[in-house]
Amino acid sequence: MKRTVIIILILSLVLSMFTVNVFAAETSAPVYLKLSSNSCGADGTIKLTSSAGFSRIYIEWVGIPGRWTLKADGNETACGINGFQHEYVELPKDVTEAEFFMPEGGKIYSVSAFPKDGKPLPEEIEIWEPQPERADVLVIATHPDDDILFLGGAIATLAAKKGWTVEVAHLMGYFNKTPVREHERMHGLWTLGVKQYPQTGRFDAAHEGYRLYSGEWKGFFAITEYVTELIRRFKPQIVITQDLGGEYGHIRHQRLAAAVADAVEKSMYPDFCPASSQQYGTWDVKKTYLHLYEKNKIVLDLRQPLENLGGKTALQAAKDAYKKHVSQQSGWFYVTDDPKDPRADEINAAYFGLYRTTVGYDTGNDMTENTVSYAEQEHIAKGKELVKSALESKAGKLLEFIRTKQEGGNGI
Ligand SMILES: [Zn+2]
């Protein structure tokens, strides 16, 4: 009985996706996929068929799936390796039939597929990169949508910089409360141009209120432990988070900002939150920005066209990204960089202050001032290595030349 319900649900979700979505003409159009009548069989498989052929498959899972296998054209592809909720799989060539060997409890929220027709995929298709071992920028937001409303302009600006990695982490996770917000979170960040898969919030939003107030989360110190772990794990050069005043006074925003402010002062000491220092080592963040922070203020220019977003500005990208948070549209919230906005003091997405720095103060409005991306650092190091080996090789050849000359001379 339950399985029948699931099958109908999946079918209707898939069907609605293909009827609702409208893609730009120049991008690849999704093929119509038929699910087999026993679409989620007793053996936990789903079969997709399309006489038109497909090879580029995009799946949104209900939760984070475990490992699963895609079987097509006699080949098996191991999937689910990165633990992505929104997953893209590409087969070597078009097939008319593919079978999903599902993970235990794995449920598909939606699936779309495209032929190998040489056209780019619609921009809504999310092809995430794994989380980096070290991120240039770590952005920590309380709820999915705070990252967009208050930090979205900064995120889009930094994600647009060539070679810069931006890892976004949330405090609250919604899988047990309003799972659609996890999908909205991904859609929003993708719209900002983020490519690194974001970190899901560790704190269960279903218990957000009473656990925070009852002290079950160690009187908020659990939040400090969490952000300290994030800092040590991702080794960011720049950390960006919310307002100490909680933007419009939201207590969880205040707690997060206070925890980050505390963590960046102490994450370099192994005795502070020792579990994460033992796991990842200690880390000292170069620059930490807080939203709306009054000291060392900068005002971001969110109105420059960004190449990676097809000329869209960071402001427009953040506005578009907020629309992806469909479940949150009933409130008064909006993205603005207008200093004359009546709520500018609470929400202006361009206002930040440098809370802490180990590399000097800013002279302009560029958060990356006095830092070099990890990719560029590697590039410079490689260049130096090449020069060094070239010099060594030249010096070696010269020495060899002198030696042979000397030996030749001695022989006369
Ligand atoms: Zn919030």
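Residues numbered from 1 in each chain as written. Predicted model: local features only at pLDDT ≥ 70, side-chain atom pairs only at ≥ 80, totals over all residues.

Novice: Any chance you could break down the overall build of the protein chain for me, citing the residues and the numbers?
Specialist: Looking only at helices and strands, one finds eleven helices and 16 strands in the protein chain. Each of the 412 residues in the protein chain was classed as buried or not, and the buried ones make up 41%. Sequence-distant contacts in the protein chain: of pairs separated by 6 or more residues, those separated by 24 or more amount to 76%. (Helix = DSSP H or I, 4+ residues; strand = E, 2+ residues; numbered from the N terminus. Buried ≥ 20, exposed ≤ 12 C-beta atoms within 10 Å, placed from the backbone. Contact = placed C-beta atoms within 7 Å.)

Novice: Describe the sheet that holds strand E7 (residues 137-141), naming the residues involved and giving the relevant values.
Specialist: Each strand in a sheet pairs with another by means of backbone hydrogen bonds, the pair being arranged parallel or else antiparallel. Spatially, six strands are ordered E8-E7-E11-E12-E16-E13 in an open sheet, and the strand pairing comes out mixed. With partners counted over all chains shown, the strands left at the sheet margins are strand E8 (166-170) and strand E13 (297-299), one partner each. The average undirected angle you get between the axes of adjacent strands in this sheet is 25 degrees. Pairing of E13 with strand E16 (residues 351-357), which is carried by three bridges, proceeds in the antiparallel orientation. Across the sheet, isoleucine 298 pairs through a bridge with phenylalanine 352, a residue of E16. In the packing of helix H6 (residues 221-234) onto the sheet, the strands contacted are E7, E8 and strand E11 (238-241), and the crossing angle to E7 comes to about 160 degrees. (Pairing = 2+ DSSP bridges. Axes fitted to C-alpha atoms, helices over the stretch in contact; angles between N-to-C directions.)

Novice: Lay out unusual backbone geometry in plain terms, naming residues and giving numbers.
Specialist: Backbone phi values are negative for most residues with the exception of glycine, while trans is the configuration of most peptide bonds. Phi is positive for aspartate 73, which is not a glycine, with a value near 55 degrees. By secondary structure assignment, the location of aspartate 73 is in the loop between strand E3 (68-72) and strand E4 (75-79). Non-glycine residue aspartate 145 carries a positive phi angle of around 125 degrees. Relative to the helices and strands, aspartate 145 resides in the loop between E7 and helix H2 (146-149).

Novice: Quick one: what's the story with the packing of H6 against helix H7 (residues 251-266), residue by residue and with numbers?
Specialist: Across the interface, H6 lies against H7 with an axial gap of 8 Å and an inter-helix angle of 55 degrees. Accordingly, the angle class assigned to the pair H6 and H7 is oblique. Like other packed secondary-structure pairs, H6 and H7 cross with a definite hand, here right-handed. Residues Ile223, Thr224, Val227, Thr228 and Ile231 of H6 form the contact with H7, whose participating residues are Arg255, Leu256, Ala259, Val260, Asp262, Ala263 and Val264. By residue class, the composition of the contact of H6 with H7 is eight nonpolar, two polar and two charged. (Parallel < 35°, antiparallel > 145°, perpendicular 65-115°, else oblique. Left-handed = near helix turned anticlockwise from the far one by under 90°. Nonpolar A, V, L, I, M, F, W, Y, C, P; charged D, E, K, R; others polar.)

Novice: Give a detailed account of H6, specifying residues and quantitative values.
Specialist: Along its 14 residues, H6 runs 20 Å from first to last C-alpha, staying within 8% of the 20 Å computed at 1.5 Å per residue. Here H6 has its buried residues at Ile223, Thr224, Tyr226, Val227, Thr228, Glu229, Leu230, Ile231, Arg232, Arg233 and Phe234. After H6 finishes, the residue lysine 235 shows a positive phi value of roughly 45 degrees. (Expected span 1.5 Å × (residues − 1).)

Novice: Tell me what's going on with the nonpolar core, and back it up with residues and numbers.
Specialist: Most often, soluble globular proteins have nonpolar side chains that are buried together. If you look at the biggest cluster of nonpolar residues, it comprises 70 residues, and the most contacted ones within it are Leu138, Val139, Ile140, Ile155, Val166, Ile231 and Ala318. The contacts of leucine 138, once residues within four sequence positions are left out, are Glu167, Ala169, Leu230, Ile231, Phe234, Pro236 and Val239. Counting 23 residues, the second-largest nonpolar core is a separate cluster that includes Ile57, Val62, Val95 and Val111. (Core = buried A, V, L, I, M, F, W, Y, C linked by C-beta atoms within 7 Å.)

Novice: Pulling in residues and values, what's your account of the environment of glutamine 304?
Specialist: Relative to the helices and strands, glutamine 304 is located in the loop between E13 and strand E14 (305-306). Measuring from C-alpha to C-alpha, the distance between glutamine 304 and threonine 157 comes to 8.9 Å, with 147 residues separating the pair along the chain.

Novice: Can you break down the pairing of E16 residue by residue, with the values?
Specialist: Consecutive side chains along a regular strand alternate between the two faces of the sheet. Bridging between strand E12 (residues 287-291) and E16 involves five bridges; their strand directions are antiparallel. Among the inter-strand pairings, histidine 291 is bridged to a residue of E16, identified as phenylalanine 352.

Novice: Explain the confidence of the model for the protein chain residue by residue, including any values.
Specialist: Looking at the protein chain, the pLDDT average stands at 88 and 88% of residues meet or exceed 70. pLDDT under 50 marks residues 1-25. Its contacts with residues more than four places away, or in other chains, come to 24 contacts. (pLDDT = per-residue confidence, 0-100.)

Novice: Requested: an account of the packing of helix H3 (residues 152-159) against helix H9 (residues 314-323), with residues and values cited.
Specialist: For the pair H3 and H9, the least separation of the axes is 8 Å and the interaxial angle reads 120 degrees. Taken as axis vectors, H3 and H9 run oblique relative to one another. Relative to H9, H3 is oriented so that their crossing is right-handed. Judged by residue contacts, Gly152, Gly153, Ala156 and Thr157 of H3 engage Ala314, Leu315, Ala317, Ala318 and Ala321 from H9. By residue class, the composition of the contact of H3 with H9 is six nonpolar, three polar and no charged.

Novice: Which residues make up helix H4 (residues 180-191), and what values do they have?
Specialist: Residue pairs three or four apart in sequence face the same way in an α-helix, which turns once every 3.6 residues. Taking 1.5 Å as the rise per residue, H4 with twelve residues should run 16 Å; its terminal C-alpha atoms sit 17 Å apart, in good agreement. Most of H4 sits inside the fold, with ten of its twelve residues counted as buried. Of all the residues in H4, the buried ones are Arg181, Glu182, His183, Glu184, Arg185, Met186, Gly188, Leu189, Trp190 and Thr191. Buried-residue contacts for H4 involve strand E2 (45-61), strand E5 (86-101), H2, E8 and H9. Glycine 193 lies just past H4 and shows a positive phi near 95 degrees.

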